[in-house]
Every structure is written in C-alpha cells, then in structure tokens.
Amino acid sequence: MILDSLHSAFLLLVSWDAEMIEIVAVSLRVSCASTLVAALVGVPSGVVIALNRFPGKRLCLTVLNTLLALPTVVIGLLVYSFISRRGVFGPLELLYTQKAIIIGQVILIIPVVTTLTIAAISRIDRRYRRTALTLGATSVQMGWVILKEARFGVMAAVIAAFGRVIAEVGISMMLGGNAKGFTRTMTTAMALEYDKGEFVLAIALGAILLTFAFSINLMFHFLQGRIRGDDV
Amino acid sequence: MMFELHNLTRQYGGNTVLSLPRLSFSARKIYALRGANGAGKSTLLNLLALLDRPSAGTIRFRGEPVVYESAALTRMRRRIVLVDQNPIMFTGTVWSNVEYGLKVRKLSAKQRELRVTGALERVDMRAFATADARTLSGGEGKRVALARALALDPEVLLCDEPTANVDREHQEAMLKILVHANELNHTTIIFATHDISHSNRIAHETVVLQHGRVNTDRQLNWYGVHLRKTEGGSHQIVFAENAVLETGPFPAGISYTRGQRVHLSPHLLSLQRPGWAEYGNGKHPNLPGTITGIQADKAGIRVVVDVAVSIDVLLSSQEYESFRPSVGERILVEVPPDAVIFDP
C-alpha cells in the first residue's frame, strides 16, 4: 500500500496537481510573510539587546530563551482568545484567515530571530564597535556596521525562523482552520489527509516539505560555514 | 589644554588599573606614553578616545567637561581618533575603510575622494585602494588604519603601539607620518610605545606609567638611594649593592638613616673609558656600567648606561662624535658634584 501511495504521490508531483500547488502557495505566502515581519522586529531588537547594557538584560535573555520552547498550541490558544468573536480584536474578523496564521507564527519566531541575532552579534569582535565609534559613528551607524559584519549569522537566524514556520502545524490549524484553498497549508493538509486515511497527497506534500527542509538546512550550513570562515 | 584629567580612576572588577590624580596634555604636542604591559597605557588611551568612561574623576576636553550620556559625546568624539594596536578592518576595500569616517560625517563625494587619496598616499598604500581590506598583512593593516584616522584630520590622534609588528623600514615611515601630522596639521598626538628610542626621538613629552600611575622617577634620572659615611670619612651614595658612588660631603639636613631620593642631571654627566681619560677630566667619582642604548633626540644624543640602575647621559653632537660610544661597551659614568641633586 505504501509503495502504491509513493507511486501515486510521485505522479501527483510530476503532474503539478492544482490543489497541491495551491496548498504549497498558501504555505509559502504565509511563512514568507510571518518570517518577514518577524525579521523586521527581531533583527533590530536583537542588535539593540546585544549592543547595549541595561538593567534586566539577563532576565530578558532568559525570557527569550524560554520563549524558544513555547508550544505552538499555546500560541494558538493565546491568539485565539484575542481574535475570536468575543475577543478584544474580534470585530477585526481575523479568525480563520491567513492573517491570523501570520500573527501566530510571528509570535512563534520572533524569539528565534532575536536570540539567534543576539548570538550572531555577540560573536562579532568588539573592536568593530570601538573602531566605528572612534571614526565618528553614532550609535545607530555603529549598529549598522555590526549588523553588516554579522550578516551571515543574521541571515542564518532568518532562515532558521522560516524553517520553523513552514513546518509548524498547531498555529495553522487552530487559527487558520484548514479552509481549502484559503488557509490550508502543507502541514494542515497532511494532517487532514492522514485523518482521512488517504496518503497520496500527504506523501507528495511531505516530499515537498522535506525538499524545503533540506534546502533550508543547506543554506543554513552554508551560512554557518561563512561565519566560521570555512572554504565552502 | 587639550585634555585635563582630574582624580581619574578606572577599575575593572574591583581592581584599580588606572589612578591619575592630575594629568594634562597640551594642544599641538606629541606625547609618548611609556610603560610595561598592564601599566595602563591602553586604558588611558581608551579613556582619552572617549570610548570608555572613568570609574571616578573627570576628563575635560578643550576645557569642556566630558558628559557621557549626552548627544554631544559623538560630536566631541569626532575630534579625536584612536588607532588600535591591532586595528580591525571593516568588510570591503581599503578605500571603503578609509572613506568610512568621512561618510558618517556626510562629506561630499568629491571631498571624500580627495581626502582618501591623500591619506592613502601619506601611508604609501595608494596601490592597495581596491584591495580587500581583510587580506592585508599586519603592517599594511596598521598603515591603512593610520590612513583611516588621518583622512579625518582629527584634533587629537591617539595611537596604541603604532610601530609594533611593523618592519623597521615602515616603523620609520610611521613615525615620520606622526611628526608630519603634528607639524603640518597641528594634530596633538599621544602614542603608547615600549620603544624608548621612538619616544625620545619624536615626543615633546613622555609620560611613564607604572601600575596605573604616572611614574616621574624614570623620566628624570630620579633614584631611591641609601646614603652612608665610611669609617675613612668618605661619603657614598648607594644606588644598588654594586653601584656605589663615592662623593663629597652631603648637604646639611640629609638623613642617613632612611631612604633618600637623588636626581642625576643627564646633561652634566659624562662618559669615560676604563683605564684612560681621553674624554672627561677623570677627576670626578664614577660608576662603572654597560651601554644599553643610544638614541638621538631633540636635546642631543642620549646614552643609556646600565650601572645596576639605568642612567641616561646626554651628550652634545660634538661630544658624541669625539667619543663614539657603542652599545655593549663597558664604560664609566662620571658624576661631578653639581650633577647630583638631593630631593629636599
């Protein structure tokens, strides 16, 4: 049965099945949007936290590290409580939309982007900071210099975050509702097909997801190599 | 005054690494900071560059107190540049590195081009303009770092060991660049060095640091000694166990029982070769030793003699030409009575 399913999944892949393409497109659209928003928030936050000394910094880092382990269902529940009909943002009618998934995923990966950016910035030689300042840079200009020097590490942070959201299922299911052609992502579609006992589409989507995961890891390791200065 | 430091201390983890009750640096001069590793030279340079803040005390720059929280700090910092001992290059070309400080000051492209070209030519690195800055050797990197600072035409140029890890030919070039910047642009230069010859040659003043404090002894041939009167009635100044100077009667009020500080005036001392009195009159008491260094500086030719303690003897050019001392030579340092000054 497995072999038959694999064969059918292969045919589905090479035939560019319309439903499958739509699911992949929704997944990519939602994941790219949430990664972009998280990068816009997480990277500057990471730079500011890494470069400044302030009271409670250690606590802030501990909280961020704790948030890395936040289960997707907890985020799903939390966001649901705000955007459900009776929630504070109920009138905005966000529940079971792609925007709802994006909000949940952004909350999921902001700690990922921030902590990995902090780590990337902290690895940068302190002399860069001193050199930029003595050459007349303002704090913002100095931060930009450091970000430029840490670019491979920061890009790796963003890629890791994308890898996290493309493969998550809890938030997409709870906040998106798995509506066909609208909020159905690769992972929610796979869960549904499994429930139905039909593995063909699930296996085909699984193959695509694995290909994404492989590509992301490949990029991640390439960038890690650049950070260490390896010849890649 | 360019800098005035008052009751300044810097502590790291409870350890005081710098303690300067009062120190000032005049404008348009070249200062050398000398001292062993850990003496506080780099800490002082970081404080003067306004990259670090003192644990206590104040710094005034051009009469204005430095306030670290203010937006004015960047404006003040833009008048001072520090060149690190091991400078780091930003990702990019040599040109973009030298241009960086000009860009943050929002100079026009035309001005930037003129300044970068000029600065690279001054350090003889024009040919490397398009090279990847991170592929430069240590010496080349130092020259580019100096160009990066000179392009900004700062009021104060701070250099941490500018000639360390640089070959002899380029050491000379680096020193000439510093002197040139001082003479032509009136840049105040403060540089840390281990090399006594460099400080003596180009510095107008030398500040010697020891364990985070200014040490005035080494600057001026000052020594902590013991005085004694022998049974035969002669008077002796004991610099060390085997460095004893027979001298005339001590001035009134000098104590024999506790330590005393004496100064030997470098320009009143003279040299004599053991066994013959070709130079000097041979009538004065002397201390035998070995020549450990000879440097030309603004005051004349400085001969450093190790007599168990290090004594600087200052010769005129004529005296040097006629005597021709050489490093490693055994020598007698002749000390006439008027060369000895007792700390009151």
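Right, let's walk through the structure included here. In this text, all values refer to a predicted model and were calculated from it rather than measured experimentally.

### With respect to the overall build of chain B
Part 1 of the argument: A count of helices and strands for chain B gives eight helices and 20 strands.
Part 2 of the argument: When its C-alpha atoms are laid out on the principal axes, chain B stretches across 80 × 45 × 30 Å.
Part 3 of the argument: Residues counted as buried form 38% of the 344 residues belonging to chain B.
Part 4 of the argument: Within chain B, contacts between residues at least 6 apart in sequence are counted, and of these 68% link residues at least 24 apart.

### Some remarks on the interface of chain A and chain B
Part 1 of the argument: Opposite the 15 residues of chain A that make contact, chain B presents 17 residues.
Part 2 of the argument: Where the side of chain A that touches chain B is concerned, the elements lending two or more residues are helix H6 (126-134) and helix H7 (139-149) of chain A.
Part 3 of the argument: When residues in the side of chain A that touches chain B are grouped by element, the largest group, six residues, is from H6 of chain A.

### A word on the environment of Leu-40 of chain A
Part 1 of the argument: The residue Leu-40 of chain A is located in helix H2 (residues 18-51) in this model.
Part 2 of the argument: Counting along the chain gives 73 residues from Leu-40 of chain A to Val-113 of chain A, while the straight-line C-alpha distance between them is 9.5 Å.

### Some remarks on the sheet that holds strand S2 (residues 15-25) of chain B
Part 1 of the argument: Taken together, four strands build an open sheet; the order of strands is S2-S1-S4-S5 (chain B) and the sheet is antiparallel. At either end of the open sheet lies a strand with only one pairing partner, and these are S2 and strand S5 (64-65) of chain B.

### So, unusual backbone geometry
Residue and element names in this part refer to chain B.
Part 1 of the argument: Located in the positive-phi region is Asp-124, a residue other than glycine, with phi close to 60°.
Part 2 of the argument: Examined against the element boundaries, Asp-124 turns out to sit in the loop between helix H4 (109-122) and helix H5 (138-150).
Part 3 of the argument: Look at Asp-124 and you get partly exposed, because 14 C-beta atoms sit within 10 Å.
Part 4 of the argument: Phi is positive for Asp-153, close to 50°, though the residue is something other than glycine.
Part 5 of the argument: Checked against the element boundaries, Asp-153 lands in the loop between H5 and strand S7 (156-160).

### Some details on the nonpolar core
Generally speaking, soluble globular proteins have nonpolar side chains that are buried together.
Part 1 of the argument: In this structure, Val-113 of chain A together with Ala-147 and Leu-158 of chain B are the most contacted members of the largest nonpolar core, which totals 126 residues.
Part 2 of the argument: Counting residues per element, this core draws most heavily on helix H5 (residues 98-122) of chain A, which supplies 15 residues.
Part 3 of the argument: Those residues in contact with Leu-158 of chain B, other than ones at most four positions away along the chain, are Leu-45, Leu-48, Ala-49, Ile-80, Val-81, Leu-82, Val-83 and Ile-190 of chain B.
Part 4 of the argument: One finds Leu-271, Val-313, Leu-315 and Leu-332 of chain B within the second-largest nonpolar core, a separate group that totals 23 residues.

The rules behind each value
Residues numbered from 1 in each chain as written. Chains lettered and ligands numbered in written order. Predicted model: local features only at pLDDT ≥ 70, side-chain atom pairs only at ≥ 80, totals over all residues. Helix = DSSP H or I, 4+ residues; strand = E, 2+ residues; numbered from the N terminus. Buried ≥ 20, exposed ≤ 12 C-beta atoms within 10 Å, placed from the backbone. Contact = placed C-beta atoms within 7 Å. Pairing = 2+ DSSP bridges. Core = buried A, V, L, I, M, F, W, Y, C linked by C-beta atoms within 7 Å.

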